[in-house]
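# Observations on the three-dimensional arrangement
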Amino acid sequence: MPATSALPRAVRPLVEFPALLRAHGFAIAPDQTIGFVEAVGLLGPRSLADIRRAGIAMMAIPREREPEFDALFRAFFLGQTLSAPALGDEDDEVEAHEPEGGSAEAEEGDDIGEVGARATAAERLTARGLESAEDAALTRFARLAPARLPRRRSYRYGRARKGALDFRRTLRAAARRDGEAIRLLRRRRKARQRRVVLLIDISGSMKERTDERLAFAHTLARAADLAEVFTLGTRLTRITADLRGADRERALARVSRLVADFDGGTRIGEALQTFLAVPRYAGFARGALVIVLSDGLERGDPTAMVEATRRLSRMAWRLDWLSPLAADPAYRPETAGLAALTRDLAALGDGSGTGAIVDHVLRLERRA
């Protein structure tokens, strides 16, 4: 998006207002800002009420946060003042980042208790070097995934030996033979790969496995027809475009420069809520295979993680959670968060190593 100084004068406030909302913890994506400007143009607008309605609709403001939105709206467009928060009232934020520079923020819930002993609240923004994990399992996955990733029926039809009668092709063939239909031609709907959405926990409790998880993500992004990859920590970062290069070393180097919260705090619930708050990201999950690679050691109240997981499971074709703690077949989640969300998962599986993750994903072909 160009700098506001380069925009027409009438448009500048409509671009600056979403930036103000982001600064106060609202999850506003760049696409929503563009939609807001276009909606105001369609409405006229005849009054400030039209601008407010466009903002509520296009920026998906939650009903419970409308009073806060209205206060910021009046302060920005009417010049009314806002009282400063008292010291100690500021909430932490989880941000959504993309390589293009667009960002969105979502409020983080209050801390109530410790759920994961090794989970931490501290936001630690760092860069790190990522080592490429050359693994036979990745080579096998790259070879088998194009044929064995879950598929769904497309709306397009193709030729088939069995299936519905293809009247158009049958009549066209008959017309070439003076109206004689020698055989009945048939068709059936084509199959195409389902989108795969991979959410990787890069917090401090998972730092020993981050490199191999990102190496798997690179292989997936190259092998799948449709794939989206995000990292979860104290921020939500979309890294799909940076993983699509053929050279894994360069791809992981780009990711290391883009992701700023390696080995930091754990805010799984807030990061998942931020993912769902951005319409474009939530759209990726509809009808998709969603895989979360995390130990599930959430800090504080696990309610946000449970609610976000529940919403995500309703949108996705299936939601699988692969934890390094689940290597034992007799594993049962002990943390309050994981124990509460197991009924919303299609599978709580073994994520202890690249081989286990590859085996799990390739087995999904039989369940599709």
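Residues numbered from 1 in each chain as written. Predicted model: local features only at pLDDT ≥ 70, side-chain atom pairs only at ≥ 80, totals over all residues. Heavy atoms only, no water.

## Topic: the overall build of the protein chain
Summing up its helical and strand segments, the protein chain has 14 helices and 11 strands in all. Relative to its 368 residues, the protein chain shows a buried fraction of 49%. Of all intrachain contacts in the protein chain linking residues separated by at least 6 positions in sequence, the fraction that spans at least 24 positions is 76%. Taken as a whole, the protein chain presents about 18600 Å² of accessible surface, with 48% of it coming from carbon and sulfur. (Helix = DSSP H or I, 4+ residues; strand = E, 2+ residues; numbered from the N terminus. Buried < 20%, exposed > 50% of the residue type's maximum accessible area, 1.4 Å probe, protein only. Contact = heavy atoms within 4.5 Å. Areas by Shrake-Rupley, 256 points an atom, 1.4 Å probe, with all protein chains shown as cover.)

## Description of the packing of aromatic side chains
On inspection of all chains with the given rule, the structure shows 14 aromatic pairs. On the numbers, 5.6 Å between centres and 70° between planes, the contact of Phe-17 with Phe-69 is edge-to-face. Separated by 52 residues along the polypeptide, Phe-17 in helix α1 (residues 12-23) and Phe-69 in helix α4 (residues 66-77) bring together distant segments of the chain. For Phe-69, a relative accessible area of 0% translates into the label buried. Between Phe-17 and Phe-73 the ring centres are 5.7 Å apart and the planes differ by 85°, which places this aromatic pair in the edge-to-face class. In this pair, Phe-17 is assigned in helix α1 and Phe-73 in helix α4, connecting sequence segments 56 residues apart. In this structure an aromatic cluster arises from ring pairing among Phe-17, Phe-36, Phe-69, Phe-73, Phe-76 and Phe-77. Above the plane of the ring of Trp-317 lies Arg-318, whose end atom (NZ or CZ) is 5.9 Å from the centre. (Phe/Tyr/Trp six-rings, centres within 6.5 Å; stacked < 30°, edge-to-face > 60°. Lys NZ or Arg CZ within 6 Å of the ring centre and 35° of its normal.)

## Focus: a positive patch on the surface
Together, Arg-159, Arg-168, Arg-172, Arg-176, Arg-177, Arg-183 and Arg-187 give the surface a local cluster of positive charge. Along the chain, the position of Arg-159 falls in strand β3 (residues 151-160). By relative accessible area, which is 70% here, Arg-159 ends up exposed. (Patch = residues over 30% accessible without salt bridge, like charges linked within 9 Å, V, L, I, M, F, W, Y side chains within 5 Å. Salt bridge = Lys/Arg side-chain N within 4 Å of Asp/Glu carboxyl O. Lys, Arg positive; Asp, Glu negative; His and termini not counted. Charge placed at Lys NZ, Arg CZ, Asp CG, Glu CD.)

## Focus on helix α10 (residues 268-277)
Counted residue by residue, α10 has 8 buried out of 10 residues, so it is predominantly covered. Those residues of α10 that sit buried are Ile-268, Gly-269, Glu-270, Ala-271, Leu-272, Thr-274, Phe-275 and Leu-276.

## Describing unusual backbone geometry
The phi angle at Ala-60 is positive, at roughly 50°, despite the residue not being glycine. Note that Ala-60 resides in the loop between α3 (48-58) and α4. Unusually for a residue other than glycine, Asp-263 sits at a positive phi of about 60°. Along the chain, Asp-263 turns up in the loop between α9 (248-258) and α10. We classify Asp-263 as buried; its relative accessible area is 16%.

## Examining the confidence of the model for the protein chain
In the predicted model, the protein chain carries a mean pLDDT of 81, and 82% of its residues have values of at least 70. The model gives residues 81-91 a pLDDT under 50, and that stretch makes 7 contacts with residues more than four places away or in other chains. Low pLDDT, under 50, characterises residues 101-121; the predicted model gives this stretch 74 contacts beyond four residues in sequence or across chains. (pLDDT = per-residue confidence, 0-100.)

## Points about the sheet that holds strand β4 (residues 164-165)
Here 3 strands make up an open sheet; going across it, the order is β3-β5-β4 and the pairing antiparallel. Looking at strand neighbours, the two that pair on one side only are β3 and β4, the edges of this open sheet. Bridge count for β4 against strand β5 (residues 186-193) is 2 bridges, and the pairing is antiparallel. Considered in β5, the bridge of Leu-165 is made with Arg-186. (Pairing = 2+ DSSP bridges.)

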